[in-house]
Amino acid sequence: MTTAIALISGGLDSMLAAKLVLDQGVDVKGVNFYTGFCVEGHTQSIRSREAKKPKRNNALWVAEQLGIELELVDVSEEYKRVVLNPKHGYGKNLNPCVDCKIFMLEKLKELREQGRLAFDFMLSGEVLGQRPMSQKRTRLDIIAKESGSEDELLRPLSAKLFPPTLAERRGWVDRESLLGISGRHRGTQFRLAQEFGFEDYAQPAGGCCFLTDPSYASKLSDLWGARGRRTYELEDILLLKVGRHIRPAADFKLIVGRDEGENRFLEGFRRRFPHFKPVSHEGSLVLLDGAATRPNIDLAARIAGRYSQGKDTPEVTISYTSCDGVSEDLCVTPMAMHEVRNDWHLGR
Amino acid sequence: MTAPTTVDARGLLCPMPVIRVQDKARGLSSGSRLELLATDAGVHVDVPAWCRVHGHVVKACYEQDGEISMLIELGGALPGNNP
């Protein structure tokens, strides 16, 4: 039986692409690459316990809807070279979409060589012209060529707009049953989803990757600027997904939990960051990332007071704990709204 | 019955616990059992979903003081066991 491997992001396009090929009797298996920037990843653990609808892993959800197996592959370490040094540059934000897709297709072939995957051809949910930079015809041609996938790569949603690929020439799939979608309008995909009975599919703004999000990209740029070098660890990129990020000075920033779920998430980082917690009033947990000097601690305590229920009182008590676990209570005047400057807020 | 193979994913955030389970399951035979230790509440949703996709079963799940223990029995398709 012919086997295809589908890149499953968790979004609608890759779901439809896999479905079109699955319906032709091909054995389709899915692969989802975990880059660390996936929208659906860690946000699971950030959610409020009271949330009515538990967040799900959309790639697993897609696999379940399609009835296909799904391999989840952690590429977060290797992916750094894609984010930090993309040969084809970034899109509108810090999204290295062309290099990303090349990386993923190369990785599929590598996994096949290692015997971890077995497949006759690859398929993706790319749509010609849907994304302004990465899905232009010239870029899609570059992706197929530089990844070495060439005509082993089938793009079922736009197949008719490209020369026949290996799967079509060999008769593994019927080209006439594939589509010729192009452009940014997604009406055809939505109609198709309805025909297939797909409901409740994920439609994250900007796709399934945080690097397409202007706010996230701005915070990542700030991180690189503050450190004076373009690098990151997984912990860094997780924390950029959570809380208000406030940089009152070049040598430190604060991460302020915005709700119970975020506060709980940030608590997991208490041993690694100096942190603040109001004790006289309810309030957010605040992590300090940077230089824990006395002036910075005093300023941060006042900001922590701002994000407590004592923000309009003359004084609040904030517990400050250093990385060594030494705590002290600080009595401070909460910072007034106008004192928290707009340009301190990152990612706005 | 042999003791389950432990997968310690405490401190890891989803989807990493699922990936650790999946990778440990590779090469094991149907009927084998895994015990996942985790701290991310996301496993309550993700691990059962992964099990449903691959034909495995969550046999038991306990949570105490924020630590989750999940017993999984493997069956059906095992990831990476390609013909």
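The coordinates are above.
Since we're looking at a predicted model, the values are computed, not measured.

Trainee: Honestly, the overall build of chain B in this entry has me stumped. Any pointers?
Mentor: Within chain B, the secondary structure is distributed over two helices and four strands. Going from the N terminus to the C terminus, chain B shows its helices and strands as β-α-β-α-β-β. Against the 2.2 N^0.38 benchmark of 12 Å for 83 residues, chain B shows a C-alpha radius of gyration of 12 Å, consistent with a compact globule. With respect to the principal axes defined by its C-alpha atoms, chain B has extents near 40 × 25 × 20 Å. Within chain B, buried positions represent 49% of all 83 residues. A separation of at least 24 residues holds for 63% of the contacts in chain B among residues at least 6 apart in sequence.

Trainee: Could you clarify how one ought to interpret the pattern of salt bridges in this entry?
Mentor: Working definition: two side chains of opposite charge can pair if their charged atoms are close together. Tallied over the entire structure, the rule returns 32 salt bridges over all chains. Between Asp-27 of chain A and Lys-29 of chain A there is a salt bridge, with its nearest N and O atoms 3.0 Å apart. Linking Asp-200 of chain A and Arg-56 of chain A is a salt bridge whose minimum nitrogen-to-oxygen distance equals 3.1 Å. Of the two residues, Asp-200 of chain A is situated in the loop between α8 (187-196) and α9 (214-227) and Arg-56 of chain A in the loop between α2 (43-46) and α3 (58-66); the sequence distance between them amounts to 144 residues. Taking relative accessible area as the criterion, Asp-200 of chain A reaches 44% and is therefore assigned partly exposed. Among the charged side chains, a network of salt bridges with common partners joins Glu-71 and Arg-116 of chain A together with Asp-23 and Arg-26 of chain B.

Trainee: Help me understand the side chain of Thr-2 of chain A in this model?
Mentor: In this fold, Thr-2 of chain A is placed in the segment before β1 (3-7). Setting aside its immediate chain neighbours within four residues, Thr-2 of chain A contacts Val-26, Asp-27, Asp-120, Phe-121 and Trp-172 of chain A.

Trainee: What am I meant to see in the packing of helix α5 (residues 97-113) of chain A against helix α6 (residues 137-146) of chain A here?
Mentor: Any two packed helices are characterised by how steeply their axes cross, that is the angle between the axes, and by the distance between the axes. Residues and elements named next belong to chain A. Taken N-terminus to C-terminus, the directions of α5 and α6 make an angle of 30 degrees; their axes are 9 Å apart at the nearest point. One element, α5, and the other, α6, form an angle in the roughly parallel class. Pair α5 / α6 crosses with right-handed handedness. Side by side, α5 and α6 meet where Val-98, Lys-101, Ile-102, Leu-105 and Glu-106 of the first sit next to Arg-139, Ile-142, Ile-143 and Glu-146 of the second. Here the residues of the contact of α5 with α6 sort into five nonpolar, no polar and four charged.

Trainee: Any chance you could explain the packing of aromatic side chains here in plain terms?
Mentor: How two aromatic rings sit relative to each other is given by the distance of their centres and the angle of their planes. Residues and elements named next belong to chain A. The full count for this structure, using the stated rule, is ten aromatic pairs over all chains. Between Phe-196 and Phe-198, the aromatic rings sit 5.6 Å apart at their centres with planes inclined by 45 degrees, giving tilted as the arrangement. Over the ring of Trp-61 we find Arg-56; its NZ or CZ atom is 4.0 Å from the centre of that ring. Of note, Arg-230 hangs over the ring of Trp-224, and the distance from its end group to the ring centre comes to 4.4 Å.

Trainee: Before we go on, may I ask you to explain the nonpolar core in this structure?
Mentor: Membership of the largest hydrophobic core comes to 70 residues, with the highest contact counts inside it found for Val-21, Phe-121 and Leu-123 of chain A together with Leu-36 of chain B. The leading source of residues in this core is helix α1 (residues 12-22) of chain A, at seven residues. Apart from residues lying up to four places away in sequence, Leu-123 of chain A is in contact with Ala-4, Ile-5, Ala-6, Leu-7, Ala-17, Ala-18, Val-21, Leu-153, Leu-154 and Pro-156 of chain A. Of all hydrophobic cores here, the second largest spans 39 residues; its members include Val-73, Leu-94, Ile-237 and Leu-240 of chain A.

Trainee: What's the story with the pairing of strand β2 (residues 27-34) of chain A in this structure? I'm lost.
Mentor: On a regular strand, one side chain projects to one face of the sheet and the next to the other, so that they alternate. Residues and elements named next belong to chain A. Within β2, seven of the eight residues are buried, which leaves the element mostly enclosed by the surrounding structure. Here β1 pairs with β2 via five bridges, running parallel. Note on β2: the bridge partner recorded for Ala-6 is Gly-30. For the crossover from β1 across α1 to β2, the handedness is right-handed.

Rules used throughout
- Residues numbered from 1 in each chain as written.
- Chains lettered and ligands numbered in written order.
- Predicted model: local features only at pLDDT ≥ 70, side-chain atom pairs only at ≥ 80, totals over all residues.
- Heavy atoms only, no water.
- Helix = DSSP H or I, 4+ residues; strand = E, 2+ residues; numbered from the N terminus.
- Rg over C-alpha atoms; globule rule 2.2 N^0.38 Å.
- Buried < 20%, exposed > 50% of the residue type's maximum accessible area, 1.4 Å probe, protein only.
- Contact = heavy atoms within 4.5 Å.
- Salt bridge = Lys/Arg side-chain N within 4 Å of Asp/Glu carboxyl O.
- Axes fitted to C-alpha atoms, helices over the stretch in contact; angles between N-to-C directions.
- Parallel < 35°, antiparallel > 145°, perpendicular 65-115°, else oblique.
- Left-handed = near helix turned anticlockwise from the far one by under 90°.
- Nonpolar A, V, L, I, M, F, W, Y, C, P; charged D, E, K, R; others polar.
- Phe/Tyr/Trp six-rings, centres within 6.5 Å; stacked < 30°, edge-to-face > 60°.
- Lys NZ or Arg CZ within 6 Å of the ring centre and 35° of its normal.
- Core = buried A, V, L, I, M, F, W, Y, C linked by side-chain atoms within 4.5 Å.
- Pairing = 2+ DSSP bridges.
- Right-handed = clockwise from strand over helix to strand, strands pointing away.

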